Amino acid sequence: MSKVRVRFAPSPTGGLHLGGVRTVLFNYLFAKKNGGEFIVRVEDTDQARFVQGAEEYIFDCLTWCGIKVDESVITGGPFAPYRQSERKELYKTYADKLIADGHAYYAFDTPEEIETMREKRKAEGSGSLQYDAGIRLHMNNSLRLVPQETQALLDAGTPYVIRIKVEPSETISFTDMIRGELHFENANVDDKVLMKADGMPTYHLAVVVDDYLMKISHAFRGEEWLPSAPVHILLWKHLFGLDAMPQWAHLPLILKPDGNGKLSKRDGDRLGFPVYAMDWRDPKINEVTKGFKELGFLPEAFLNMLAMLGWNPGTEQEIFTIKELIEAFSIDRVNKAGAKFDFEKAKWFNHQWIQKLPISSYQLQVKKLLAKQEIIITDDIYFEKVLNLVKERCTLLSDFYEQAGYFFKAPITWDVDAVKPKWNDDKNNFFIGFIEVIKKQANFIATDMEISFKALATEKNIKPGELQLPMRIMLVGSKFGPAVFDIAEMIGKDETISRIQKALSVFEN
RNA sequence: GCCGUGUUGGUCAACCGGUUAAGACGCCUCCCUUUCACGGAGGAAUAACGGGUUCGAUUCCCGUACAUGGUACCA
């Protein structure tokens, strides 16, 4: 087999969708598994949908994910340029060749004309219009016109598109790496536009030309492309020969968790989870859509979760580093059916990864996160201890604020409802006494504290258990967190005393 | 409508003709913990339907149903 070269070909039209990242991942895993190269080619042929900043954003997402790109607009490479808008002239020469060989033709029908025809067909209830062998001789194109007429229109600068001429009696067959043998009747495929009136190629022409020129060996893309695969194959056949064609792999779709359909940005907004890899600010409406990164996901978890959506190793292992994924990945274990996205499972992956990774790999992010809440870390050793103490309670990085905040800031509100109903003078006195005990304690450590706490409780004839919850509320403000005495030890003697005193005054009222 | 693809618990899924039909998420119960989690032990919950093929079908084939994608001078 010749050198493995795969490509991710995004259009810079908006945020990078989950499904997009998964396509990247599978491309990448396959390439690295086989010692190949991963290329990113920007497919910016639609000038109307182009969005400023989207291209840069896509690369930022890949960087966050830790995906290294071998060739792209950023890194350059032997097949530059990697932006289709900069290769515009190229496509025209291939389109011309197609016309010369009788595999394509000029069409002068205006979009408006086609549109009205379409509406008419729809009104008649005869399905949508297919510009194909059955109709093309009734349309305004170089197949119907005599050469002189065509030339005259061309010379006059009449806007035109170039369409592929699909011969209706053939059958296209090809092997998809995921789906196996596939057959399409040409009669069902229409004469797709190859070159638009603005001189830009459509996706159909551009992918084929660029995959050939960039020596792509395997083409991974979403299942939504399956219906247009015959057009691409026809183009390969006419232009470069089927032997040079990459092997196709049409990936299953990622679907909405609830209803039906492909997962979209709107579903995320509606159901309260991100769909984009990173925060995306749409410059047109100046609105930010939340991303997995900003919500508190670790890239390792994000990728791991995506890998298990549509692929599985056939073993019980679920947690994979990217290295392990490369090792384990195989195309024939990719599923055919679409998978519904499950945000709960996604969070579970993140929780696993927070436990698995050393604190050092996300410490800085947590620090920034706390800084936003006006908690400034000055003692890194203390900080690390805190993180280790609370990490198993954190599912998202953002959970660290709630789980670790009280180690740096005394509570300002207390869950008094958890204490008040059972609060009495005896308990009040206990804590006053306990402060004195603490003051005398030479080594302020959890185990010693617990012993003296229990001893004093017994002496005062109160069950220790009834005192631990109030103590927790005093230190934390609420009913969560690690063992109370561990917290006390961590924040230190003075802080512990001060928090008890403060809370005592609150409880009295 | 037409064309394509798909269909194992609520979700992700294993099994590639013979299994008590794995495992994970979520859910429930109990234990641990007089907090919240983690952890541990259990539990409920699955082969869309109908025909074939076969000694035997969840597994292969054909229908039906349902889902999903395409049907753009968008990708």
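Use the structure listed above.
Quick notes on the rules
- Residues numbered from 1 in each chain as written.
- Chains lettered and ligands numbered in written order.
- Predicted model: local features only at pLDDT ≥ 70, side-chain atom pairs only at ≥ 80, totals over all residues.
- Heavy atoms only, no water.
- Helix = DSSP H or I, 4+ residues; strand = E, 2+ residues; numbered from the N terminus.
- Buried < 20%, exposed > 50% of the residue type's maximum accessible area, 1.4 Å probe, protein only.
- Contact = heavy atoms within 4.5 Å.
- Pairing = 2+ DSSP bridges.
- Axes fitted to C-alpha atoms, helices over the stretch in contact; angles between N-to-C directions.
- Near = heavy atom within 4 Å.
- Polar contact = N/O pair within 3.5 Å; in protein donor to acceptor, adjacent residues only side chain to side chain.
- Nonpolar A, V, L, I, M, F, W, Y, C, P; charged D, E, K, R; others polar.
- Parallel < 35°, antiparallel > 145°, perpendicular 65-115°, else oblique.
- Arc of directions from axis to C-beta.
- Salt bridge = Lys/Arg side-chain N within 4 Å of Asp/Glu carboxyl O.
- Right-handed = clockwise from strand over helix to strand, strands pointing away.
- Left-handed = near helix turned anticlockwise from the far one by under 90°.

(A) Region of interest: the overall build of chain A. For chain A, the count of helices and strands is 20 helices and 13 strands. In terms of its C-alpha atoms, chain A occupies a principal-axis envelope of roughly 110 × 50 × 35 Å. Here chain A, with 509 residues, has 48% of them falling under the buried criterion. A separation of at least 24 residues holds for 72% of the contacts in chain A among residues at least 6 apart in sequence.

(B) Local environment of the sheet that holds strand β3 (residues 104–107). One open sheet accounts for three strands, arranged β3-β4-β7; its pairing is antiparallel. Two strands close off the open sheet at either side, each with one partner strand: β3 and β7 (193–195). When the angles between neighbouring strand axes are averaged without regard to direction, this sheet yields 45°. For β3 and strand β4 (residues 161–164), the ladder comprises four bridges, and the chain directions are antiparallel. Within β4, the position partnered with alanine 107 by the bridge is valine 161.

(C) Spotlight on the protein's contact with RNA strand B. Among the 58 residues in the neighbourhood of RNA strand B, the closest are listed as Lys196, Asn260, Arg393, Gly465 and Lys479. Between RNA strand B and glutamate 316 there is a distance of 3.3 Å, counted from a sugar or linking oxygen to a side-chain nitrogen or oxygen. Only α4 (111–124), β4, β6 (180–185), β13 (339–340), α12 (343–356) and α18 (464–476) provide two or more residues apiece to the surface near RNA strand B. When its residues are assigned to classes, the surface near RNA strand B shows 20 nonpolar, 13 polar and 25 charged.

(D) Spatial organisation of the packing of helix α1 (residues 18–33) against helix α10 (residues 299–307). Remark: α1 packs on α10, axes separated minimally by 10 Å, with the N-to-C direction vectors making an angle of 85°. On the basis of their axis angle, the class for α1 and α10 is roughly perpendicular. Residue-level contacts link Leu18, Val21, Arg22, Leu25 and Phe26 of α1 to Phe302, Leu303, Met305, Leu306 and Ala307 of α10. When its residues are assigned to classes, the contact of α1 with α10 shows nine nonpolar, no polar and one charged.

(E) Region of the structure containing helix α13 (residues 363–372). Taken together, the buried positions of α13 are occupied by Gln363, Val366 and Leu370. Along the axis of α13, the buried residues cluster in a sector spanning 65°; they form a single face. Along α13, exposed side chains directed more than 90 degrees from the buried face belong to Leu364, Lys368 and Lys372. Where the residues of α13 are buried, they touch α14 (380–390) and α15 (399–404).

(F) Geometry of the pattern of salt bridges. As enumerated under the stated definition, the model contains 34 salt bridges in all. The shortest N-O distance in the salt bridge between lysine 32 and aspartate 70 comes to 2.8 Å. Separated by 38 residues along the polypeptide, lysine 32 in helix α1 and aspartate 70 in the loop between α2 (54–65) and α3 (88–100) bring together distant segments of the chain. A salt bridge links glutamate 436 to lysine 439; the nearest nitrogen and oxygen atoms lie 3.7 Å apart.

(G) Spatial organisation of the pairing of strand β9 (residues 247–251). By the criterion of burial, β9 is predominantly enclosed, with four of the five residues buried. Bridge analysis of strand β8 (residues 218–222) against β9 gives five bridges, and the strand direction is parallel. Paired with alanine 219 across the strands is tryptophan 248, a residue of β9. Taken together, β8, helix α7 (residues 229–239) and β9 form a β-α-β motif whose crossover is right-handed.

(H) Examining the side chain of arginine 499 more closely. In this structure, arginine 499 sits in helix α20 (residues 493–508). Relative accessible area serves as the criterion here: at 3%, arginine 499 is assigned to the buried category. Not counting chain neighbours up to four residues away, the residues in contact with arginine 499 comprise Tyr406, Phe407, Lys409, Ala410, Pro411, Met474, Leu475 and Ile491.

(I) Geometry of the packing of helix α16 (residues 425–440) against α18. In contact at an axis separation of 11 Å, α16 and α18 are set at 65° when each is read in the N-to-C sense. Taken together, α16 and α18 sit at an angle that is classed as roughly perpendicular. α16 and α18 meet at a crossing whose hand is right-handed. Within the contact between the two elements, α16 uses Lys427, Phe430, Phe431 and Phe434 and α18 uses Glu466, Leu467, Pro470, Met471 and Met474. Tallied by class, the residues present in the contact of α16 with α18 amount to seven nonpolar, no polar and two charged.

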